[in-house]
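Structural features, examined
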Amino acid sequence: MWFKDFCDRLLSLESTSKRLEMIDILSALFSKTVKEEVNPIVNFVQEQLLPPFYDVQLGIADRMAEKSIALAYQKSQKKIEEEYSKLGDMGEVAEKECTSKEGNDLSVKEVYDRLLQIARISGEGSVDQKITQLAEILKACSPTEAKFLMRFIMGKLRLGVGEATIMEALSKAKTGNREFKKKIERAFNLCSDLGYVSDVLYSKGKEGIENFNISAMKPIRPALAERASSSEEIISRMGKCAIDQKLDGFRAQVHKNGQEIKVFSRNLENITHFMPEVVNEIKKMKYDSFILDSEALTYDENTGVLYPFQITIQRKRKHNIEEVSQDLPLRLFVFDIMFLNGNSMIDLPYSERRKEIDHLFSDTDTIAKTKMIVTDDPNKIDKFFDSALESGLEGIVAKRLESVYSAGARNFNWIKMKRSYKSKLNDTIDLVILGYFKGRGHRANFGIGAVLGGVYDPESDTFKTLTKVGSGFSEEQFKELYKLLNDIKVDSKPARVDSILQPDVWTVPKYVITVKADEITRSPTHTAGMKDGIGYALRFPRAMTFIRQDKKAEDSNTVKDIIEMYKQQKSVKVKS
Ligand code: ATP
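Residues numbered from 1 in each chain as written. Predicted model: local features only at pLDDT ≥ 70, side-chain atom pairs only at ≥ 80, totals over all residues. Heavy atoms only, no water.

Now for the environment of Ala388. Tracing the sequence through the fold places Ala388 in helix α19 (residues 378-390). Exposure remark for Ala388: the relative accessible area of 4% places this residue in the buried category. Taking the C-alpha atoms as reference, Ala388 lies 29 Å from Val559; in sequence the two are 171 residues apart. The residues contacting Ala388, other than those within four sequence positions of it, are Leu393 and Gly395. (Helix = DSSP H or I, 4+ residues; strand = E, 2+ residues; numbered from the N terminus. Buried < 20%, exposed > 50% of the residue type's maximum accessible area, 1.4 Å probe, protein only. Contact = heavy atoms within 4.5 Å.)

In structure tokens form, the structure reads like this:
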């Protein structure tokens, strides 16, 4: 496919605000796509060169982009800088300055491969090489191609197309209806690489997707937990079940393949370099290949006491990791296994997977198994829960003994019960920022008075509004937020956002914050859970964290979570 034709489709995508139209445009695009180019096209539409866990970045910032445009079109860099500060969109700058009317017949695959090459340039002189190679591509572009190319490079394509929308469009293009999306989704959940999955779909057909399997070094999308507020509720849903400690660190999915070890975060980023001591320990294990699910926490070496999340997360921010690991050692608490010696384990019952973990290793300071009991007695659960809290843990996770590992899904195979659920809405809520309202009074100095917060609705692949959040941020955070949000602002409501309120500035749904609120109430103002004109909203929300680096927009709480929390809030008797 010519890059020009692909850009024309991007123009149509950009101009629609309806998800169903997006699916039609994409499925028409995928129908015209051949197997060699489907992986690049799916990645382009996802606004990435490759999924984050490949660690491949273009590494082209504003100044470099300006230099490339200047070089390609023989303009002074000063002029390009001025244009950019006037237009605020590197794509528009390139479109305006582009000297060729028609371009030079670039194919999508060629552009993609050349960008990959640029991303792989490293070492001395790499900045100049990147600038020159990008200028070469720009020279061969038409104005529209130059616009989309530069927007892509700057991470500002802003098509707003979600994974679910792409999967539906792929299903429609290859099978004529949306039914096959479920199978595509299953494959995606097993490798987190939609470009690769579409490649398999195009080269091996439906059968390739139906037989798709896990492989080491490609992260599995993590299983997630539903919530319950009493041990009776757990037993009534699960009967006899496993009760695991719930530790409050960060999720770590460990992959071993021979001597190669990789660790992925909840967000599926490669975090191997944060944990050298874990890598050493895993290398020693006798099994050739496996994938483990675990929670990583730092601890006090002298007392053995586990540190809270806020301290553990500091490890991720430090650069001198070898030194930090002396002061802030890390322990991995393993609670699941998804792959062993070349075989997928995810369809085995949890009770059997757990036995395999016991066979795999003996606990050390660096890697241990979570403590677990099996019971059908609510009193025993309460005792386990209380002792977990006494040891400073967050609570428990109950696991259905016969359950499969539900990659990428939140369901009642896992049920979490935290200290906070015992009282009226004390649980935190993860919101995605959808836009902001300008500040008034002294808030005018920060540029932002409140952000519009929403939750995800996986069924419609849209974001629904739940609340405005104007408190909990420090002055510094407001200022930083203003900068970050302006960087992702869009002219009108993004296609996947469903809102009655109209913020002063709309943004791409990207950043997640954690908030606490007094209560969930019913409201006609917000679209989360809206039925017959009444939705849900938060009362007195305040931000508990700044932006959560470990979560993306779709990892915010869901509409279903909010309805569930609302019901629990009503059924829980507040202790006096
Ligand atoms: P939370 O903020 O409650 O951790 P979350 O949205 O990050 O919520 P959930 O699915 O709601 O994720 O809760 C499960 C999380 O709890 C997992 O992502 C994992 O990081 C953590 N966890 C800690 N201990 C366990 C355990 N024994 N089994 C499963 N998950 C655990």
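On to the packing of helix α8 (residues 126-139) against helix α9 (residues 143-153), then. Two numbers describe a pair of packed helices, the interaxial angle and the distance between the axes. At their nearest, the axes of α8 and α9 sit 10 Å apart, and the two run at 150 degrees to each other. The angle between α8 and α9 falls in the class roughly antiparallel. Handedness of the α8/α9 crossing: right-handed. Mapping the contact onto sequence places Leu134, Ile137 and Leu138 in α8 and Ala146, Leu149, Met150 and Ile153 in α9. By residue class, the composition of the contact of α8 with α9 is seven nonpolar, no polar and no charged. (Axes fitted to C-alpha atoms, helices over the stretch in contact; angles between N-to-C directions. Parallel < 35°, antiparallel > 145°, perpendicular 65-115°, else oblique. Left-handed = near helix turned anticlockwise from the far one by under 90°. Nonpolar A, V, L, I, M, F, W, Y, C, P; charged D, E, K, R; others polar.)

With that settled, consider the site of the ligand. Looking at the ligand, there are 18 residues lining it, with Arg251, Glu295, Lys399, Lys416 and Lys418 nearest. The contact in question runs from a nitrogen atom of the ligand to an N or O atom on the side chain of Asp244, over 3.3 Å. Within the contact set of the ligand, a nitrogen atom lies 2.8 Å away from a backbone nitrogen or oxygen of Gln245. The protein chains hide 91% of the 590 Å² of surface that the ligand would expose on its own. Breaking the shell around the ligand down by element, the ones donating at least two residues are β1 (224-227), β2 (241-246), β10 (395-400) and β11 (410-418). Take the shell around the ligand: its biggest share by element is four residues, from β11. (Near = heavy atom within 4 Å. Polar contact = N/O pair within 3.5 Å; in protein donor to acceptor, adjacent residues only side chain to side chain. Areas by Shrake-Rupley, 256 points an atom, 1.4 Å probe, with all protein chains shown as cover.)

A separate point is the sheet that holds strand β9 (residues 372-375). Taken together, the five strands give an open sheet; going across it, the order is β1-β11-β10-β2-β9, and neighbouring strands pair in mixed fashion. The open sheet has two free edges, formed respectively by β1 and β9, since each of these has just one partner strand. Across this sheet, the average inter-strand angle for adjacent strands is 35 degrees, counted without regard to direction. Pairing of β2 with β10 involves six bridges; the strand directions are antiparallel. The residue of β10 that forms the bridge with Ile243 is Ala398. Contacts from helix α18 (residues 350-360) reach β2, β9 and β10, with the element oriented near 50 degrees to β2. Sheet contacts for α19: β2, β9, β10 and β11; angle to β10, the most-contacted strand, approximately 140 degrees. (Pairing = 2+ DSSP bridges.)

Once that is clear, we can look at helix α20 (residues 475-487). In a regular helix each residue adds 1.5 Å, so 13 residues correspond to 18 Å; α20 covers 19 Å between its end C-alpha atoms and thus fits that length. Among all positions of α20, only Phe478, Leu481 and Leu485 are buried. One side of α20 holds all its buried residues, which, seen down the axis, span an arc of 60 degrees. What points out from α20, more than 90 degrees from its buried face, is the exposed set Glu476 and Lys483. (Expected span 1.5 Å × (residues − 1). Arc of directions from axis to C-beta.)

What follows is about the domain arrangement of the chain. Domain annotation of the chain identifies domain 1 (224-421) and domain 2 (429-571). Each of domain 1 and domain 2 has a C-alpha centre, and the two are 30 Å apart. Each partner contributes residues to the interface: domain 1 has eight residues there, and domain 2 has 11 residues. For the domain 1 and domain 2 pair, buried surface summed over both sides reaches about 1000 Å², with 35% attributable to carbon and sulfur atoms. Of all residues in domain 1, Arg227, Arg266 and Asn267 bury the most surface against domain 2, accounting for 56% of the area lost on that side. Joining domain 1 to domain 2, the criterion identifies four salt bridges. Two residues, Arg266 and Asp555, come together in a salt bridge whose shortest N-O distance is 3.6 Å. In this assembly, domain 1 and domain 2 are joined by three residue pairs in polar contact (both at pLDDT 80 or more). Counted by class, the side of domain 1 that touches domain 2 contains one nonpolar, two polar and five charged residues. (Domains from an automatic or database assignment. Buried area = accessible area lost by both parts, 1.4 Å probe. Salt bridge = Lys/Arg side-chain N within 4 Å of Asp/Glu carboxyl O.)

Moving on: the nonpolar core. Most often, soluble globular proteins keep nonpolar side chains buried together rather than apart. Counting 91 residues, the largest nonpolar core has Leu115, Leu138, Leu149 and Ile153 as the members making the most contacts within it. The dominant element in this core, judged by the number of residues it contributes, is helix α7 (residues 108-120), at seven residues. Ile153 has contacts with Leu58, Ile60, Leu115 and Leu134, leaving out every residue within four places of it along the chain. Counting 31 residues, the second-largest nonpolar core is a separate cluster that includes Tyr436, Ile448, Phe473 and Phe478. (Core = buried A, V, L, I, M, F, W, Y, C linked by side-chain atoms within 4.5 Å.)

Counting across every chain of the model gives 14 aromatic pairs. Ring geometry for Phe6 versus Phe44: centroids 5.6 Å apart, planes at 40 degrees, classification tilted. Placement of the pair is Phe6 in helix α1 (residues 3-14) and Phe44 in helix α3 (residues 35-45), with a sequence separation of 38 residues. Phe44 carries the same exposure label as Phe6, and that label is buried. Their ring planes at 70 degrees and their centres at 4.8 Å tell us that Phe44 and Phe152 sit as a pair that is edge-to-face. With a gap of 108 residues between them, Phe44 in helix α3 and Phe152 in helix α9 connect regions that are remote in the sequence. Phe152 gets classed as buried once you look at its relative accessible area, which sits at 8%. Grouped by ring-pair contacts, the aromatic residues Phe3, Phe6, Phe44, Tyr112 and Phe152 constitute a single cluster. A cation sits over an aromatic face here: Lys218 above Tyr196, 4.3 Å from the ring centre. In this structure, Arg522 packs its charged tip against the face of Tyr536, placed 3.9 Å from the ring centre. (Phe/Tyr/Trp six-rings, centres within 6.5 Å; stacked < 30°, edge-to-face > 60°. Lys NZ or Arg CZ within 6 Å of the ring centre and 35° of its normal.)

Let's shift gears to the side chain of Thr366. Mapped onto the elements of the fold, Thr366 is located in the loop between α18 and β8 (367-369). By relative accessible area, Thr366 is classed as buried at 12%. Sequence-distant contacts of Thr366, that is, excluding residues within four places in its chain, are made with Glu277, Val278, Glu281, Leu330, Arg331 and Leu332.

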